[in-house]
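Observations on the three-dimensional arrangement
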Amino acid sequence: MSKFVVCVTIENKEHINDPEGETIQKDLIIKGGYCSVESVRTAKTLKMIVKEKNQREAEKVVRNLCEELRIYNPVVSKCTVQSLGRI
């Protein structure tokens, strides 16, 4: 068995407002003079170390646990799972 770093990114779906991203854009970015930035979306990232026989299986385990344990709300969020490789 090898160890893999698997990254989970959870973000609001495109049609769902992102108040945190809007606040960052209005109160920091635009006030800081970066007017060319049109929008900001925030996300939560989880990094997990998983022991599995290969990278694909590590991703599968994490994808399953995210769905089964309701790590995210599929109604308002999308979840992306990606292995960053072996450690």
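Residues numbered from 1 in each chain as written. Predicted model: local features only at pLDDT ≥ 70, side-chain atom pairs only at ≥ 80, totals over all residues. Heavy atoms only, no water.

**Focus on the environment of C66**
So the rule is basically this: Numbering of helices and strands runs from the N terminus, with a helix taken as a DSSP run of H or I at least four residues long and a strand as a DSSP run of E at least two residues long. Exposure is judged per residue with a 1.4 Å probe applied to protein chains only, and the accessible area is read against the type maximum: over 50% gives exposed, under 20% gives buried, and values in between give partly exposed. Only heavy atoms enter the contact rule, under which two residues are in contact if any of them lie within 4.5 Å.
Within the secondary structure layout, C66 lies in helix α2 (residues 55-68). Exposure remark for C66: the relative accessible area of 1% places this residue in the buried category. Along the primary structure C66 and I29 are separated by 37 residues, whereas in three dimensions their C-alpha atoms are 32 Å apart. Those residues in contact with C66 that lie beyond four places of it in its chain are V8, I71, Y72 and C79.

**Some details on the pairing of strand β1 (residues 2-12)**
Going by this rule: Should DSSP find at least two bridges between two strands, the strands are taken to pair.
Of the strand pairs in this sheet, β1 and strand β2 (residues 43-52) are connected by 10 bridges, and their pairing is antiparallel. Paired with C7 across the bridge in β2 is K47.

**Re the nonpolar core**
For clarity, the threshold we go by: The criterion is simple. A nonpolar core is a set of buried Ala, Val, Leu, Ile, Met, Phe, Trp, Tyr and Cys residues joined through side-chain atoms within 4.5 Å.
Ranked by size, the top nonpolar core spans 11 residues in total: F4, V6, V8, I10, M48, V50, A58, V62, C66, Y72 and V81. Tallying contributions element by element places β1 first for this core, with four residues. Every residue in contact with V81, bar those within four places of it in the chain, is listed here: V6, C7, V8, E59, V62 and R63.

**Details of the sheet that holds β2**
Through backbone hydrogen bonds, the strands of a sheet pair up, either in parallel or in antiparallel fashion. Rules: Axis geometry follows a simple rule: fit a line to the C-alpha atoms, using only the stretch in contact for helices, then measure angles between N-to-C directions, giving values from 0 to 180 degrees.
Reading across the sheet, the three strands line up as β2-β1-β3 and stay open at both edges, with antiparallel pairing between neighbours. Only two strands of the sheet have a single partner each, and these edge strands are β2 and β3 (77-86). Across the sheet, the mean angle separating the axes of adjacent strands is 20° when strand polarity is ignored. As paired elements, β1 and β3 share nine bridges and run antiparallel to each other.

**Here we look at helix α1 (residues 19-30)**
Note the following rule: How far a helix is expected to stretch is found by multiplying one less than its residue total by 1.5 Å. Directions pointing from the helix axis toward each C-beta atom define the arc.
Between its terminal C-alpha atoms α1 stretches 15 Å, which fits the 16 Å expected from 12 residues at 1.5 Å a residue. Of the residues making up α1, those classed as buried are G21, Q25 and I29. End-on view of α1: buried residues confined to an arc of 40°, all on one side of the axis. Of the residues in α1, the exposed ones pointing more than 90 degrees away from the buried face are P19, E20 and L28.

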